Amino acid sequence: MRILLISPTHYNADGSLHKTTRYWTSGLTLPYLEALTPDEHQVSLVDELFYDVDLKTDVDVVGLTAMGPQIKRAYDLADQFRARGVKVVLGGTWVTLNPDESLLHADAVVAGEAEDVWVQVLDDLAGGRSQGIYRAPRRASLADLPRVDYMHLPLLKWDAFKTSWLYRMYFHWPIVFSRGCPHPCEYCAVQTFYERSFRTRPVPEVIDELKAIKALGADRILFLDDNPVANPEAAKELFAAMIPLKLKWASQSTINIARDPELLDLAARSGCASLSIGLESVHQASLESIRKGFNQAPRFAEDLAAIRNKGIQIIGLLMVGLDGDTVETFPRSLEFLMENKVTFLKLFTPCPYPGTKFYDDMMAAGRIEVGDWGRYDYGSALVRPTHMSAEEMMDGFKYVYQGFYSVPSILKRLVPPPPGSVLETMAYLVANLKVNRFLKSNEDAWATIS
Ligand code: B12
Ligand code: SF4
């Protein structure tokens, strides 16, 4: 069969499609599904963030993944392909947590990981059948995963990579070390999808893959993991084995990395340049309200200093409008971020992803204000806050973003740079100034800064 795998984009507020021509990394979902597909099929990939989807293309099966607000576009594309008689399969985090709704737009839905069901789905569709919802029977082993073809990364600009040192510094090659997370944060689609499980790949296989990426001329890596240090011993084994490769890498991580000196030291020595850390709130009460008490706000300053002292830049992720927050929280948060020299910031209004405990609780309390999935981004008033109005929450969201990315704040946060990271800091200076400009010219698009 001819199979087209699509990662859709999301709709802008005016109904147009969000597009860009350059991006600093690429997801692995499509090339990985391609690698799982038996050779008898012809597979093509399109990421709608860069490229247009040809609705008239001659294919037998369309496979769609979706993240957050992209789900609305995914459903629309699915409906349009099905109207032409093309079979459609939906999969991914959102779809897994909402399989019944997804099946209204698809011939087959993959709930969970694809490894153990994808071949069956394709066989059934080739035979003119479908079982509807295909639930992964178990969590797949992460040993001997099929290798993705890195030349098929949907958002990689290979020509630019070959010719421009700037692009080589900018583009981060994606790789996966682990899947899942054992923590209970109630808003989190990842722990819900993986049911708080956590697995790592065998370290030698990850090292082989990193060597293959390096052989292409790359030295900048992005771990797509949500919490690669959840098993500190496994992470230490990986970081120690990475030291001779002399790569630079970035990842998400919990703040727990700061509390294990050996782990932090190995991360730094293996080339860790920046970590995206879900701080979520400077209020312990707010952290408790979403079951993220392990973060321990009173320790943040000490923890962030430990990370920074190792030459690692901190990308702070912060939620605004949580149940322990008041309007006083906004200036306090901004002051905290500046004092602790956080390099880059992503803000999130609480987003009740359907399927999570947070969604169920907010639904039961009658606090969900928006039912349009296309607005389930990170900067909309989706949930009614407790100690402020929705308008005050959105004003606070803007206040913190504007204050953080103001020129005086940028200088205060980035000077002096963390030890040994002048070049990285210069790159982040440019990134900060770009956000400063973006905030001025794209007032309605702050919700999807990523
Ligand atoms: C890389 C990534 C991105 C990248 C790249 C995206 C791209 N276009 O290439 C960037 C940074 C751009 C990004 C952006 C966003 N992302 Co994102 N992203 C990820 C991340 C870290 C990894 C995805 C990945 O490649 N995984 C590796 C592959 C192999 O695994 P996988 O995708 O899970 O696929 C497996 C199964 O899920 C399944 N599967 C998945 N899709 C499909 C489809 C079919 C047809 C089938 C059969 C099976 C299947 O099979 C695979 C093998 O088992 C995930 C976190 C995570 N742990 O997954 C978040 C994640 C998917 N993103 C998320 C979100 C919300 C977003 C944003 C909407 C955030 C925002 N700013 O608003 C934006 C989207 C903006 C846009 N229009 O693009 C959420 C989705 C939550 C939800 N309930 O939907 C996640 C889970 C992060 C989180 N912590 O909540 N993201
Ligand atoms: S630590 Fe991060 S990935 Fe883990 S459950 Fe909490 S939010 Fe999700």
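Residues numbered from 1 in each chain as written. Chains lettered and ligands numbered in written order. Predicted model: local features only at pLDDT ≥ 70, side-chain atom pairs only at ≥ 80, totals over all residues.

Peer 1: Looking at this structure, I do not really get the overall build of the chain. What am I missing?
Peer 2: Scanning the chain for helices and strands turns up 18 helices and 14 strands. Against the 2.2 N^0.38 benchmark of 22 Å for 450 residues, the chain shows a C-alpha radius of gyration of 22 Å, consistent with a compact globule. Based on the C-alpha atoms only, the size of the chain along its principal axes is roughly 60 × 55 × 40 Å. Out of the 450 residues in the chain, the part that is buried amounts to 44%. Within the chain, contacts between residues at least 6 apart in sequence are counted, and of these 73% link residues at least 24 apart. (Helix = DSSP H or I, 4+ residues; strand = E, 2+ residues; numbered from the N terminus. Rg over C-alpha atoms; globule rule 2.2 N^0.38 Å. Buried ≥ 20, exposed ≤ 12 C-beta atoms within 10 Å, placed from the backbone. Contact = placed C-beta atoms within 7 Å.)

Peer 1: For this particular structure, what's the right way to read the domain arrangement of the chain?
Peer 2: Accessible area lost on assembly of the parts is the figure often given for the size of an interface. Per the domain assignment, the segments of the chain are domain 1 (2-134) and domain 2 (172-441). Between the C-alpha centres of domain 1 and domain 2 the distance comes to 28 Å. Contacts between the two partners involve 15 residues from domain 1 and, on the opposite side, 16 residues from domain 2. Those elements that place two or more of their residues in the side of domain 1 that touches domain 2 are helix H2 (70-83) and helix H3 (93-97). When residues of the side of domain 1 that touches domain 2 are assigned to their parent elements, the largest contribution, 3 residues, is made by H3. (Domains from an automatic or database assignment.)

Peer 1: So what exactly am I meant to see when it comes to the site of ligand 1 here?
Peer 2: In the neighbourhood of ligand 1, 40 residues make up the surrounding shell, with Gly27, Thr65, Gly68, Gly91 and Gly92 lying closest. Among the elements of the structure, helix H1 (29-36), strand E3 (61-64), strand E4 (87-91), H3 and helix H8 (189-193) are those that each provide at least two residues to the shell around ligand 1. No other element matches H1, which puts 3 residues into the shell around ligand 1. Of the residues in the shell around ligand 1, the class split is 19 nonpolar, 16 polar and 5 charged. Built from parts of two domains, the shell around ligand 1 gets at least three residues from each of domain 1 (2-134) and domain 2 (172-441). (Near = placed C-beta within 6 Å. Nonpolar A, V, L, I, M, F, W, Y, C, P; charged D, E, K, R; others polar.)

Peer 1: Please clarify how helix H15 (residues 357-364) should be interpreted in this entry.
Peer 2: Helical geometry note: an α-helix holds 3.6 residues per turn, so side chains three or four residues apart project in the same direction. Residues of H15 that are buried include every one of Phe358, Tyr359 and Met362, and no others. Axial view of H15: buried residues confined to an arc of 100°, hence all on one face. Just downstream of H15, glycine 366 is the residue with a positive phi angle, here 65°. (Arc of directions from axis to C-beta.)

Peer 1: Quick question: what am I supposed to make of the environment of lysine 434 here?
Peer 2: Within the fold, lysine 434 resides in helix H18 (residues 422-441). Sequence spacing of lysine 434 and tyrosine 405 is 29 residues, and the spatial spacing of their C-alpha atoms is 9.2 Å.

Peer 1: Is there a simple way to explain the site of ligand 2 in this structure?
Peer 2: What surrounds ligand 2 is the set Cys181, His183, Cys185, Cys188, Val190, Gln191, Asp226, Asn227, Thr254 and Gly278. Of the residues contributing to the shell around ligand 2, the split by class is 4 nonpolar, 5 polar and 1 charged.

Peer 1: Looking at this structure, I do not really get the packing of helix H10 (residues 232-242) against helix H11 (residues 261-269). What am I missing?
Peer 2: The relative placement of two packed helices is expressed as an angle between their axes plus a distance between the axes. Across the interface, H10 lies against H11 with an axial gap of 9 Å and an inter-helix angle of 30°. When the axis of H10 is compared with that of H11, the two are roughly parallel. The hand of the H10/H11 crossing is left-handed. Across the interface between the two elements, Pro232, Ala235, Lys236, Phe239 and Ala240 of H10 pack against Glu262, Leu263, Leu266 and Ala267 of H11. (Axes fitted to C-alpha atoms, helices over the stretch in contact; angles between N-to-C directions. Parallel < 35°, antiparallel > 145°, perpendicular 65-115°, else oblique. Left-handed = near helix turned anticlockwise from the far one by under 90°.)

Peer 1: So what exactly am I meant to see when it comes to the sheet that holds strand E6 (residues 133-135) here?
Peer 2: The strands that make up a sheet are held in pairs by hydrogen bonds between backbone atoms, and each pair lies either parallel or antiparallel. Spatially, the 6 strands line up as an open sheet ordered E2-E1-E3-E4-E5-E6, and their pairing is parallel. This sheet does not close on itself; its edge strands, each paired only once, are strand E2 (42-47) and E6. This sheet shows a mean twist of 20° between the axes of neighbouring strands, independent of strand direction. Where E4 and strand E5 (residues 108-111) come together, 3 bridges link them in parallel fashion. Its bridge partner being in E5, glycine 91 is matched across the sheet by valine 110. Packing of H2 onto the sheet brings it into contact with strand E1 (2-7), E3 and E4, and relative to E4 it is tilted by some 160°. (Pairing = 2+ DSSP bridges.)

Peer 1: In this structure, what is going on with the packing of helix H9 (residues 203-215) against H10? I would like to understand it.
Peer 2: For the pair H9 and H10, the least separation of the axes is 10 Å and the interaxial angle reads 35°. Taken as a pair, H9 and H10 cross one another with a handedness that is right-handed. For the pair formed by H9 and H10, the contact residues are Val203, Val206, Ile207 and Leu210 on the first element and Glu237, Leu238, Ala241 and Met242 on the second. Looking at the contact of H9 with H10 residue by residue, the classes come out as 7 nonpolar, no polar and 1 charged.

Peer 1: Where do I start with helix H13 (residues 300-309) in this structure?
Peer 2: Within H13, the full set of buried residues consists of Phe300, Asp303, Leu304, Ile307 and Arg308. Around the axis of H13, the buried residues are gathered within 130° of arc, so they sit on the same side. In the segment just after H13, glycine 311 is the residue with positive phi, at about 85°.

Peer 1: It is not clear to me how the nonpolar core should be interpreted in this structure. Could you clarify?
Peer 2: General note: in soluble globular proteins, nonpolar side chains tend to be found buried as a group. The biggest cluster of nonpolar side chains holds 116 residues, and the ones touching the most others in it are Leu64, Ala78, Leu90 and Val110. Looking at this core, the element that brings in the most residues is H2, giving 6 residues. A domain-level breakdown of this core finds at least three residues from each of domain 1 (2-134) and domain 2 (172-441). In this structure, leucine 64 is in contact with Ile6, Pro8, Ala74, Leu77, Ala78, Val88 and Leu90, ignoring residues within four places of it in sequence. (Core = buried A, V, L, I, M, F, W, Y, C linked by C-beta atoms within 7 Å.)

Peer 1: Just checking my understanding: could you explain unusual backbone geometry for this structure?
Peer 2: Most peptide bonds take the trans form, and the phi angle of most residues other than glycine is negative. With an omega of -5°, the peptide bond between valine 415 and proline 416 qualifies as cis. Inspection of the secondary structure assignment puts proline 416 in the loop between helix H17 (407-414) and H18. Backbone geometry at glutamate 195 places phi at a positive 50°, although glycine is not the residue there. Mapped onto the elements of the fold, glutamate 195 is located in the loop between H8 and strand E9 (198-200).

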